[in-house]
Amino acid sequence: MTSLADLHALMSRLGHPVVGSAAPSGSGFADGAPYRFEIPSVEGPEVLEAVVAEADRLGVPVARTSQGSGVMMLTDEEITRMARIGAERGIEVNLFLGPRAAWDTGGQAKLTQAVGAAARGNAMVAACLADALRACSLGIRSLLVGDLGTLDLLRELKADGTLPANLVLKTSVLMPLTNGPTAALYERLGATTVNVGTDLTVPHLAEIRAATGLPIDLYLEVPDDQGGFVRFYEAVEIVRAAAPVYLKMGLRNAPNIYPSGGHLGAAPKELGRERVRRAALVQRLIEQLDPALAKPSQTSDLGVPEL
């Protein structure tokens, strides 16, 4: 029978060693900062305006906002407003690509989230590509991808010039990424930033970091439907092991607002403000626990809209 040591040696030979304890990654973003803040569920221009105002008030350097309802749930005017705010503030505005199994007529996604972001059939893939083309034509330079085949096709469209070469392709938390080999695969298929599983240990994150140089996106506070963890006191260890890393500020005890719209009233804006407040709490904690960690900033490697 193969021993545990033999299995670990095999993984090392294949380029994906099993990590027992995490050493500092030694990497960072273009400006050297090891972490940045991402505010998710920024579903439209009014929410983005509220997030920016709260970030100014609390002194939180928000580098990226992401949206979950999809490009198809925004008008051209709304996308243009979001792009303008992002361009003026140097913030990456990330929009989800539209149709997904969870909203489709199929039954499996009603029973499990495992296929919730998948594109059911080639026509749905085509609709995701249509969303990508539309968003980019309106100035967006960062897209959130939930389907593996769609990711590969977006890579091809970037390569042939149909889509901008500097377009950020961010994988969704709904595309499970829980190990180094999968991270390396996503990179080969065109991902430029990868959202990892919400429950990974620090050694797991170190294994992913060893497999790819791409930025890692990790929920530091996790929505209830993704586990509901609050990992504030792990922030320094996570940053050290996973840098460069986007710390995503979700919320426990918060409603799922997808697809968003005016029927939800002020809730999306208030949730956005609270996510920024959570980021301020994490920033204070990181500065207290490890003052030597460089502070996050916005630099040219972000997918800032281009108008």
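All values reported here derive from a predicted model rather than from experimental measurement.

J.: Explanation requested: the sheet that holds strand E1 (residues 35-39) in the structure shown.
T.: Each strand in a sheet pairs with another by means of backbone hydrogen bonds, the pair being arranged parallel or else antiparallel. Pairing within the open sheet is parallel, and its eight strands lie in the order E5-E4-E3-E2-E1-E8-E7-E6. At either end of the open sheet lies a strand with only one pairing partner, and these are strand E5 (168-171) and strand E6 (194-195). Of the pairings in the sheet, the one linking strand E2 (residues 62-66) to strand E3 (residues 92-96) comprises three bridges and is parallel in character. When the bridges of E3 are listed, arginine 64 appears paired with glutamate 92. Contacts between helix H5 (residues 148-159) and the sheet are confined to strand E4 (142-145) and E5, with E5 contributing the most and set at about 170° to the helix. Packed on one face of the sheet, helix H9 (residues 267-289) meets E1, strand E7 (216-221) and strand E8 (245-249) and runs near 160° to E1.

J.: Looking at this structure, I do not really get a nonpolar patch on the surface. What am I missing?
T.: On the surface, a cluster of nonpolar side chains totalling about 400 Å² of accessible area is made up of Leu7, Leu10, Met11, Leu14 and Val18. Considering the arrangement of structural elements, one finds leucine 7 in helix H1 (residues 4-13).

J.: Any chance you could explain the packing of aromatic side chains here in plain terms?
T.: How two aromatic rings sit relative to each other is set out by the distance from centre to centre and by the angle between their planes. Enumeration according to the criterion identifies two aromatic pairs in this entry. Note on phenylalanine 29 and tyrosine 246: the rings are 5.1 Å apart at their centroids and 70° apart in plane angle, and the pair reads as edge-to-face. With a gap of 217 residues between them, phenylalanine 29 in the loop between H1 and E1 and tyrosine 246 in strand E8 connect regions that are remote in the sequence. Geometrically, the ring pair formed by tyrosine 35 and phenylalanine 37 is edge-to-face, given 5.6 Å between the ring centres and 85° between the ring planes. For the residue pair tyrosine 35 and phenylalanine 37, the accessibility class agrees, reading buried in each case. Note that arginine 36 overlies the ring of phenylalanine 29, its terminal NZ or CZ placed 3.9 Å from the centroid.

Cut-offs applied
- Residues numbered from 1 in each chain as written.
- Predicted model: local features only at pLDDT ≥ 70, side-chain atom pairs only at ≥ 80, totals over all residues.
- Heavy atoms only, no water.
- Pairing = 2+ DSSP bridges.
- Helix = DSSP H or I, 4+ residues; strand = E, 2+ residues; numbered from the N terminus.
- Contact = heavy atoms within 4.5 Å.
- Axes fitted to C-alpha atoms, helices over the stretch in contact; angles between N-to-C directions.
- Patch = residues over 30% accessible without salt bridge, like charges linked within 9 Å, V, L, I, M, F, W, Y side chains within 5 Å.
- Areas by Shrake-Rupley, 256 points an atom, 1.4 Å probe, with all protein chains shown as cover.
- Salt bridge = Lys/Arg side-chain N within 4 Å of Asp/Glu carboxyl O.
- Phe/Tyr/Trp six-rings, centres within 6.5 Å; stacked < 30°, edge-to-face > 60°.
- Buried < 20%, exposed > 50% of the residue type's maximum accessible area, 1.4 Å probe, protein only.
- Lys NZ or Arg CZ within 6 Å of the ring centre and 35° of its normal.

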